[in-house]
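Here is what each chain is made of, one letter per residue.
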Amino acid sequence: MTTMPETVVPDTGPADVPPVPSGGVRWALVDGWTLTRRAVAHWVRDPAPVVFSLVFGVLIVLMFGYLFGGAMRVPDGGEYREFLMPGMFTMTMLFGVGHTAQAVTADLDRGVIDRFRAMPMSSAAVLIGRAVADLLLSAVSLAVMVGVGLLVGWAATGSAGEFAAAIGLILLLRFALSWVGVYLGLVLTGPSAVFGAQTLEFPVAFLSSALVATGTMPAWLGVIADWNPLSSTATATRDLFGNPGVGGEAWVTQNAVLMAVVWPVALLLVFFPLSVHAFRGLRG
Amino acid sequence: MGASGDAVVVAGLRKRYGGKNGGGLDGVDLVVPHGTVCGLLGPNGAGKTTTVRILATLLRFDSGRALVAGFDVAERPDQVRARIGLVGQNPAVDEVLSGRRNLVLFGRLHHLGAAAARARAGDLLDRFGLSDAADKPVKHYSGGMRRRLDLAASMILSPAVLFLDEPTVGLDPRGRAEVWQAVRELVGRGTTVLLTTQHLDEADQLATRIALLDTGKVVAEGAPGELKARLGGDRVEFVVRDRSRVADAARAVARLGTAEPTADPDDRRVGVPVAAGATALVEAVRLLDAAGVAVDDLALRRPTLDEVFLHLTGRPADRVEVRK
Ligand SMILES: Nc1ncnc2c1ncn2[C@@H]1O[C@H](COP(=O)(O)OP(=O)(O)OP(=O)(O)O)[C@@H](O)[C@H]1O
Ligand SMILES: [Mg+2]
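Values in this document were obtained by computation on a predicted structure and should not be read as measured data.

1. Things to note about the overall build of chain A
What chain A contains, in helices and strands, is 12 helices and zero strands. Seen in sequence order, chain A has helices and strands lined up from the N terminus as α-α-α-α-α-α-α-α-α-α-α-α. Of the contacts made within chain A by residues no fewer than 6 positions apart, 83% connect residues no fewer than 24 positions apart. Carbon and sulfur atoms make up 71% of the accessible area of chain A, which amounts to about 12,800 Å² in all.

Shown next as C-alpha cells:
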C-alpha cells in the first residue's frame, strides 16, 4: 500500500465520521426537504403526474359545476354551484390519498430506497419528503381549481383572511391525508391493493357533505356523514368562503371550523407514527 | 468491542426467510479485521446477499450476533449506518435524476453543504469516468455506468466499512479494473471491505482473506493461498505434442509426484501434484527429455479457486456471464 497513487478521495476518512449519527427532528426536516426537492425534480423530468393532477382538478370543477350545477337543492336556498365548489376542493384532497400511496409503493420498488435506509438518516425523512412534495402539488392543483372556479362564476364573499384560512384548512386536510396514503403505500403490497384503496375513496367522498347536504340523507347515514372529516372541512370552508349550505344542527357541524383542525391533527397523530413504524419494519 | 477491534464480527448468524423450504443463513461465523478485504464467495443462493443486507442494517435476523465498526447491528443500527457504505447487488441510484443530481442528493443527505456536495459529486464523476454523462438521466446509462455511479454514491464519505455485493457484475474488463482500483484506494485509506463475488479471480485480486459460503454456512475460510494449499499445493502440468505419447509422458513424471499423475488423452494434458515446486519443474523437463517426449505449455501451477470451490462444495462455482 506504499505506492498508493494520489486520489481525490477527500479528507473525510473513516476517523472523521461523526460519532453520533445525525438523527433528530431538525435533520428529519432538512433531509425531508432534500427529498421533497428530489420528488419535484422527478416532476420536472417527467411532468405527466403533475399534468394529470391539474387536468383532473379542472375537469372535476367543470363537470360538477355544469353537469349538476342547477340540479340540486341547497338547504338555505343558495346556488348549488356555490355550495359545490368548497366540496370539490375538499374531495380532491381525499383523492390525493391514492396518488400518495401509489408514489410510495413505486418508490419502494426502486433500489434507491435501500440506499436511503442504509444511510444515517431519520426514518421519517423519506416519508416527510413524500408528504411535503404531495402537499406542494396539491397546493398548485388547488390554486388552479380555485382559478377555474372563479372563472365559471363561483365567488367567495368572505374576507381575505377567511379565504386564506379556508385554503389553509383544505391543505391541512391534504397533509393529514398524505400520511394515510403513506401508511397504505407502505403496508399494502402490490398495485392491486393500492387500486383497492383508491376505490374506497368513493364511498368516503360520497358519505360526506362534499357533494350533497347531509340533511338529505337517511338519518343514520346523515350522522355518519356529519362525522366524516371531509364534511368538517367542506362545511368549515363553506363558512369561511361565505358560500351557502353550511346549515345543520349537529354539534359537529356547528363546530366545523374547530373540527376541520381537530380531524387532520388526529389523523396526523395516528398515521405519522404508524407510517414511521411501518417504514422501519421494512427490515423483513 | 472498540475502535481497536475487528471491523466486522459475525457469530452464529441465523436467518430464515418465511415460506416453503426457504433459504437463509444457517449459522454464519465471520471476522474481518480492520483495513482488510474479505471476499465472501459462494454459488447462487448461498446467502451472500442475505449476509450483506443484515450487516448493512437492511434486514433483520433471527439469532446470533453481528457487529460492524464496533456497533451491534441489531441494537445500534444508526451508529452502524453512519460508518458504512453499501453497493447492493442491484444498483441503488435514482433512475430519473442525472448522475450528478444523484451524487449531490446523497451528499446532501450525508449533510455536506451545498457547495461541498457539488464539489464532491464532480470529483467522484471524474474519478469514475462519468463526467461526460454526468447530466444525463441515469435511466439512459449502460449497466457499467450505473454500477460505477452506485459505487461512487457509496463513497461520498469514505466509509469505515464498505459492503460490495457482486460489484463488478455486468462490467467489461476495463470497468472491473476501475472498480478494483477504487476499492484498493479506499482500502489504502483505512476502509475495511466485505466483498461478495462469484468471480474467483476477483477475490484472488482483492481479498486478503476469503470465506466460502454454501447453503447459509461458511464452509471454508482463509487466505487465498491457504485455501489453495488445501488442495495439495502445486502441480506440474504440460501438454504432450504427440497424442500417442501421453501415457509415456505420465509414466516418465510419475516419480516426481506426491500422487498419481492425471493424464487426459483427449486434450493431451498431463498433470502431477508435486511437493517441491520449482525444483520439480526442472526435474520434469529433464525426465521428459530423457524419455524423448516433446511437450508444450509446461508450467507449474497452483490450483485455482474454482478448483478449491469444486473440491469443498462438490459443485463448480456458478459463473456469472460478463456482458458482451
Ligand atoms: N426475500 C426473500 N424471501 C424468501 N427467500 C429469500 C429471499 N431472499 C433470499 N431468499 C433465499 O435465501 C437464500 C439465500 O439468498 P441470497 O440472496 O442471500 O443468496 P446469494 O448468495 O446472494 O445468491 P446470488 O449469488 O444469486 O446473489 C436463497 O435460497 C434465496 O432463495
Ligand atoms: Mg446475491
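2. So, the pattern of salt bridges
The tally for this structure, following the rule as stated, stands at 28 salt bridges over all chains. Linking E95 of chain B and R146 of chain B is a salt bridge whose minimum nitrogen-to-oxygen distance equals 3.0 Å. Separated by 51 residues along the polypeptide, E95 of chain B in the loop between β6 (84-87) and α3 (99-109) and R146 of chain B in helix α5 (residues 143-153) bring together distant segments of the chain. Given the relative accessible area of 27%, E95 of chain B is considered partly exposed. Classification of R146 of chain B as buried rests on a relative accessible area of 17%. Note that R241 of chain B and D296 of chain B form a salt bridge whose closest N and O atoms lie 3.1 Å from each other. Note that R241 of chain B is positioned in the loop between β11 (235-240) and α9 (246-253) and D296 of chain B in strand β14 (residues 295-301), a separation of 55 residues in sequence. What emerges from the salt-bridge pattern is a single network uniting R38, D107 and R110 of chain A together with D94 of chain B.

3. Some details on the side chain of S138 of chain A
Of note, S138 of chain A is situated in helix α5 (residues 123-151). For S138 of chain A, a relative accessible area of 9% corresponds to the buried category.

4. Overview of the domain arrangement of chain B
Along its sequence, chain B is carved into domain 1 (6-228) and domain 2 (234-302). Here the C-alpha centre of domain 2 of chain B lies 43 Å away from the C-alpha centre of domain 1 of chain B.

5. A closer look at the packing of aromatic side chains
Geometrically, a pair of aromatic rings is defined through the distance of the ring centres and the angle of the planes. Counted by the stated rule, this structure contains 12 aromatic pairs over all chains. Ring centres of F116 of chain A and F106 of chain B lie 6.0 Å apart, and the angle between their planes is 55 degrees; this geometry places the pair in the tilted category. Within this pair, whereas F116 of chain A is found in helix α4 (residues 112-117), its partner F106 of chain B is found in helix α3, the two belonging to separate chains. When sorted by exposure, F116 of chain A lands in the same class as F106 of chain B, which is buried. Judged by centre distance (6.4 Å) and plane angle (20 degrees), the ring pair of W227 of chain A and W251 of chain A falls under stacked. In this pair, W227 of chain A is assigned in the loop between α9 (219-226) and α10 (229-241) and W251 of chain A in helix α11 (residues 251-254), connecting sequence segments 24 residues apart. We classify W251 of chain A as partly exposed; its relative accessible area is 49%. An aromatic cluster of at least three residues, connected via ring pairs, comprises F56, F95, F202 and F206 of chain A.

6. A word on the site of ligand 1
Residues and elements named next belong to chain B. Neighbouring residues of ligand 1: 14 residues in total, closest G45, K48, T49, T50 and Q198. Measuring from an oxygen atom of ligand 1, one finds a backbone N or O atom of G24 at 3.4 Å. Protein contact buries 63% of the 630 Å² of open area that ligand 1 shows by itself. Residue contributions to the shell around ligand 1 peak at three residues, all from helix α1 (residues 48-55). Among the residues making up the shell around ligand 1, the classes are represented as three nonpolar, nine polar and two charged.

7. Some words on the coordination of the magnesium ion (ligand 2)
Residues and elements named next belong to chain B. Protein ligation of the magnesium ion (ligand 2) involves T49 (OG1) and Q89 (OE1), the donor distances falling in the range 1.8 to 2.1 Å. A residue pair is termed long-range when its members are at least 10 positions apart, and T49 in helix α1 and Q89 in the loop between β6 and α3 qualify at 40 residues. Among the residues examined, T49 registers a relative accessible area of 26% and is labelled partly exposed. For Q89, a relative accessible area of 35% translates into the label partly exposed.

8. Looking at the sheet that holds β6 of chain B
Residues and elements named next belong to chain B. Here we have six strands laid out as an open sheet, ordered β6-β7-β8-β3-β9-β10, and mixed in their pairing. For this open sheet the edge positions go to β6 and β10 (217-222), each flanked by a neighbour on one side alone. Adjacent strand axes in the sheet meet at a mean angle of 15 degrees when their direction is disregarded. Judged from the four bridges that link them, β6 and strand β7 (residues 161-165) form a sheet pairing that is parallel. Each residue of the ladder has a partner; that of G85, found in β7, is L162.

9. Here's the deal with the UniProt feature "transmembrane region" (unreviewed entry) in chain A
All names here are of chain A. When the UniProt feature table is mapped onto this chain numbering, "transmembrane region" (unreviewed entry) sits at residues 47-68, 88-106, 127-157, 163-188, 200-221 and 256-279. Across residues 88-106 one finds 100% helix and 0% strand; the C-alpha atoms that close the span lie 27 Å apart. Here residues 127-157 is 81% helix and 0% strand, with 38 Å between the C-alpha atoms at its ends.

Cut-offs and rules
Residues numbered from 1 in each chain as written. Chains lettered and ligands numbered in written order. Predicted model: local features only at pLDDT ≥ 70, side-chain atom pairs only at ≥ 80, totals over all residues. Heavy atoms only, no water. Helix = DSSP H or I, 4+ residues; strand = E, 2+ residues; numbered from the N terminus. Contact = heavy atoms within 4.5 Å. Areas by Shrake-Rupley, 256 points an atom, 1.4 Å probe, with all protein chains shown as cover. Salt bridge = Lys/Arg side-chain N within 4 Å of Asp/Glu carboxyl O. Buried < 20%, exposed > 50% of the residue type's maximum accessible area, 1.4 Å probe, protein only. Domains from an automatic or database assignment. Phe/Tyr/Trp six-rings, centres within 6.5 Å; stacked < 30°, edge-to-face > 60°. Near = heavy atom within 4 Å. Polar contact = N/O pair within 3.5 Å; in protein donor to acceptor, adjacent residues only side chain to side chain. Nonpolar A, V, L, I, M, F, W, Y, C, P; charged D, E, K, R; others polar. Donors = N, O, S within 2.8 Å, 3.2 Å for Na, K, Ca; no water. Pairing = 2+ DSSP bridges. Axes fitted to C-alpha atoms, helices over the stretch in contact; angles between N-to-C directions. UniProt positions renumbered as here; feature names shortened; annotations may be inferred.

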